Every structure is written in structure tokens, then in C-alpha cells.
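# Report on the structure
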There are 2 protein chains.
Amino acid sequence: MQTYKAIISYDGTSYHGWQRQPKKKTIQGEIEKVLSKMTGKDIPVIGAGRTDAGVHALGQTAHFKIKVSMKNSDLLKSLNACLPSDIRIVSVWKMAPEFHARKMARSKIYQYRIWNSRSISPFQVRYVHQWYSPLDTVAMRKAAKLFIREADFSPFSSNRFLNPTRTVFRSSVTQKEEEIIYTVESNGFLRYMVRTMVGTLLEIARGKIEPDEVEEMFKRGRRSLASPTAPAKGLCLMKVRY
Amino acid sequence: MQTYKAIISYDGTSYHGWQRQPKKKTIQGEIEKVLSKMTGKDIPVIGAGRTDAGVHALGQTAHFKIKVSMKNSDLLKSLNACLPSDIRIVSVWKMAPEFHARKMARSKIYQYRIWNSRSISPFQVRYVHQWYSPLDTVAMRKAAKLFIREADFSPFSSNRFLNPTRTVFRSSVTQKEEEIIYTVESNGFLRYMVRTMVGTLLEIARGKIEPDEVEEMFKRGRRSLASPTAPAKGLCLMKVRY
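Keep in mind it's a predicted model, so treat the numbers as computed, not measured.

## Quick notes on the overall build of chain A
Check the secondary structure of chain A and you find five helices and 10 strands. Taken over the C-alpha trace, chain A has a radius of gyration of 19 Å; the compact-globule value for 242 residues is 18 Å, and the two agree within 12%. In terms of principal-axis extent, the alpha carbons of chain A reach across some 60 × 40 × 30 Å. Every one of the 242 residues in chain A was classed for burial, and the buried ones make up 55%. Expressed as a percentage of contacts within chain A between residues at least 6 apart in sequence, the contacts between residues at least 24 apart total 69%. A total of about 11,400 Å² of accessible surface is found on chain A, and carbon and sulfur atoms cover 51% of it. Of the charged side chains in chain A, 41 are positive and 21 negative, and the gap between their average positions amounts to 7 Å.

Below you can see the structure in the form of C-alpha cells.
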């Protein structure tokens, strides 16, 4: 058996997220289906992150173990030939048997795209969250910096976790014409964490709350009403670092 | 009644083309549905070009006549609020009553996108025609120029027309990394004309026929087997000039 690492991009619009679910179309499910056709066996595919329904990826990373006598480039071609066109394997790499896409990930980088204009191209509409009214990106930038810390991030999640401590290394806002991009890197993300942070940043950007409120949220230690969850379609898993 | 001109973009993937058809989802059908909801009347929407199933548009142009007492910006908002997200009205303009989107069009500009690489982003896959093996873009450029003429274009169409003479003003190939873009402007297009011209250019680009063969095709005056029809999804109506 050879362990492979695969870098995967997908348009998450038509899928119920990464994780395999009975009777539902998921990214993991589609890739496992192709691998089991190729090998005649059940091959589990372990992803670094379980993206939610509607979330996209440019650099999702996964591993699987198969016994094939193919060159990497041929394996890549076969996989892409069998997968639906909205899931693309970017590359495959032979790894040592102990490689584990989730456990060994040092950090993950997500981006969240906000399209701050009424007018939008129909080619972009699936990949951004459209926001009509003006947004205060200066306040947004100021608040984004406050997420850079090692802390209990459960105020920015929907669930309770045994260990809710995460370290955010990078949290920044850039703007290019109508597009506002939030980039965040962390050693791990709680459920809905990025979308809740973005929801908070949007409340700040529209002037409903002050940037410093982020500090208060961490102090209070529980989820605030001021943190709605931003829609899935603006979110994209960009890269997993090992 | 006020005549309006509307500039429309759409992702054609999920539609049976521009033209209204009973029981099928079409762009014209969706826009007419929204206008009839707004006004309580049947409002025909006349497009400059009838794009085929799966073809996209950034600058389709259409006209319709309605009686509303709304500012243009409010009309634009209402239309976009009611339309599906893969159809977007870019702008609306009040026009003189004699304005006609099809009859008055001086020219239309189409682009055809070829993605010349095995690796492709799932965000682009709906909007390009993917081609794996190397393409000779020098030969393609040379051949593209031969389309610039006033001529009977039926060798590059599927149907017979009473008057198949069209004038192509511009026909050029540009390349940016993996993407090859063919741009063509004409005073009118026969059915499948752009896609058949692109099919011919692809046969030239892969070395199956010589660029000069285009000249022969015009001379023979009927469709050649060397002119397959390129797939719809690479094609986009960019602009209509008046």
C-alpha cells in the first residue's frame, strides 16, 4: 500500500460539504467512489478540514492509501477523468506511510470574499457573499487584527468543544475595488469559526458594533448575538500547511 | 409605455439558451416572467442575439416596453432582486420608442475561451473549453485573420440562410498563460458560426489542417468535415454595439 497526499480544489455549490454522508453528494464521497472503482476496494480519503455545505476549496489536502502501479501523473489523470468537473485534483504526492492529512496539518488558510456592490457578474455570484451597502473597511481591518491570538475561540463557534483553544496566526482584510477579502490562518478551526468571525467583522463594518467589542467577546467567553454566521458560499479553504 | 434597453450578463450553464421555449428554462423566459410579475402584463423582451444553450453573456442587450413610474436604479434593483442569481441586469436605459435591440445592433462581439492545460480550477470549468494537448497558437493567429472579410459564412454554419453574407470586422487570438482567447466581431452571426470558426481554428492549432485551408473553405462554399463545432460553454457574448 502506498500513502498518497492529494491537493484538491472544488466548487462546493452543489455538495453537502466535504464529509461523506449516506445518500448525499459530498466531496469526500465522490472521491472515495472514484478510488473504489479504480481499486475494487473501499478506500477512505482523510481530509485536512471538513468544509461545510457550500464552502469551496482551492487547496484542500487529503490522504489515502492504495495499491496501484501507476505514475503520479497517470493517477492524477485517471482521478480527474472520473471525478465531476467541479472537483479537481491539483496534484498527488507519494508520502511516507505515517503521513496523516488532518493530524499533521500545522495550519490552514481560509479566505472569505465579500462583494461590496449591487452590481455583480453572474460568474462570481457563486463564490462571494454580496453586500449592498457601504462597509467601513478601516474598522474591519482594526477588528481583524484582534483575532490574532491564542485563545478560547468558542465565542466564535456554534458548538461546545472539549478543547476550544486555537491559535490564529494571521487575520487580515484586503480590498481590491468592489471585493473585500478576509484571510485567516490558524492551527485549527472550530465549527463555523471563520464564518462567525466574518459575521462579526461585517457587524463592525456596517457600524453596528465597535472594533473593540471583539476584545469583550473573548472576555465574555460565550457566543454573542452580535456574531451572526456569514453565508457559506463566500468561504474558501486556500491552503493547508504541513 | 417607456422603451428600455437592458444590458444583461448570465451564466448560461443551467439554461436552454436565450430564447423563450415552452416548459424549458431560458434567459428570455426568466426575464419575461419577472417583468410580467412586476406589471401584471405579458412583456416581450427582445434580445440582440439568441445565444444557444450553455452559452454565456457579459453584455447581452435587450429591449422591452413597460409602463412603470420608477427611477432606472429602482427598476434595476427590482429586476435583480427577482431574477435568479445567474442572470444579472447590469444596467437599464430609457430609450426612444423606436429603439430595437436586434435590428439596430451594428455589431456583436463574442469571445471563446480555451483552457490549454490539464490542470484547471473548478471555478473556471464552467466558462472555458478545456484542451489537454499543445496548441499551435501561431497557426491559429494566422488563420484567425483570414476570417476578417465580407463573405458568405455558410461554410461555418449548420443551417442554410437566405442571406448568409456577414462582415467580420475583427478576429484575433490572444494568449495569457494557459488561456487562449478568441475574439470575433461581426455585423451578424449565422447559427453556430463562432463555434464552427473556433472548431476550425482548433483543427488548425493541433496541426490537422493548414491555416490556408480557411481560404479554401470560403471558396468551396459549403461546410467541410474539418469544421467541428466547439462546445457551448467556452462562448460568451461580450458586447453589442449600436
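## Points about the interface of chain B and chain A
Opposite the 19 residues of chain B that make contact, chain A presents 19 residues. Of the roughly 1,600 Å² buried between chain B and chain A on both sides combined, carbon and sulfur atoms contribute 69%. Counting the surface chain B buries against chain A, the share from its top three residues, Arg88, Pro122 and Phe123 of chain B, is 36%. Taken together, the connections running from chain B to chain A amount to zero salt bridges. Here chain B and chain A share zero residue pairs in polar contact (both at pLDDT 80 or more) between them.

## Here's the deal with the pattern of salt bridges
All names here are of chain A. This structure, assessed with the given rule, holds 21 salt bridges over all chains. As a salt-bridge pair, Lys219 and Glu216 come within 4.0 Å of each other at their nearest N and O atoms. With Lys219 and Glu216 both in helix H5 (residues 213-220), this residue pair falls three residues apart, about one helical turn. When its relative accessible area of 61% is taken as the criterion, Lys219 is described as exposed. If you follow the salt bridges from partner to partner, you end up with Asp52, Arg191 and Arg195 in one network.

## Description of helix H3 (residues 137-145) of chain B
Residues and elements named next belong to chain B. Considered for burial, the residues of H3 that qualify are Thr137, Ala139, Met140, Ala143 and Ala144. Viewed along the axis of H3, the buried residues span an arc of 150°, placing them on a single side of the element. Across H3 from its buried face, at more than 90 degrees, point the exposed residues Val138 and Lys145. Packing partners of the buried residues in H3 comprise strand S5 (107-115), strand S8 (165-176), strand S9 (179-186), helix H4 (193-205) and helix H5 (213-220). Where H3 starts, the residue carrying a side-chain oxygen 3.1 Å from the main-chain nitrogen of Val138 turns out to be Asp136.

## Here's the deal with the packing of helix H1 (residues 27-39) of chain A against helix H2 (residues 72-82) of chain A
Residues and elements named next belong to chain A. Closest axis-to-axis distance for the H1/H2 pair is 10 Å, and the angle between their directions is 120°. The angle between H1 and H2 places the two elements in the oblique class. Crossing handedness for the pair H1 and H2: right-handed. Note on element contacts: H2 touches H1 through Leu75, Ser78, Leu79 and Cys82, opposite Val34, Leu35 and Met38. Looking at the contact of H1 with H2, its residues break down into six nonpolar, one polar and no charged.

## Comments concerning H4 of chain B
Along an α-helix, residues three or four apart share an orientation, since each turn contains 3.6 residues. Residue and element names in this part refer to chain B. Relative to the 18 Å expected for 13 residues at 1.5 Å per residue, H4 spans 18 Å between its end C-alpha atoms, a close match to the ideal helical length. Along H4, 13 of the 13 residues are buried, which leaves the element largely enclosed by surrounding structure. Just downstream of H4 lies Gly207, where phi reads positive at about 85°.

Reading guide: rules and limits
Residues numbered from 1 in each chain as written. Chains lettered and ligands numbered in written order. Predicted model: local features only at pLDDT ≥ 70, side-chain atom pairs only at ≥ 80, totals over all residues. Heavy atoms only, no water. Helix = DSSP H or I, 4+ residues; strand = E, 2+ residues; numbered from the N terminus. Rg over C-alpha atoms; globule rule 2.2 N^0.38 Å. Buried < 20%, exposed > 50% of the residue type's maximum accessible area, 1.4 Å probe, protein only. Contact = heavy atoms within 4.5 Å. Areas by Shrake-Rupley, 256 points an atom, 1.4 Å probe, with all protein chains shown as cover. Lys, Arg positive; Asp, Glu negative; His and termini not counted. Charge placed at Lys NZ, Arg CZ, Asp CG, Glu CD. Buried area = accessible area lost by both parts, 1.4 Å probe. Salt bridge = Lys/Arg side-chain N within 4 Å of Asp/Glu carboxyl O. Polar contact = N/O pair within 3.5 Å; in protein donor to acceptor, adjacent residues only side chain to side chain. Arc of directions from axis to C-beta. Axes fitted to C-alpha atoms, helices over the stretch in contact; angles between N-to-C directions. Parallel < 35°, antiparallel > 145°, perpendicular 65-115°, else oblique. Left-handed = near helix turned anticlockwise from the far one by under 90°. Nonpolar A, V, L, I, M, F, W, Y, C, P; charged D, E, K, R; others polar. Expected span 1.5 Å × (residues − 1).

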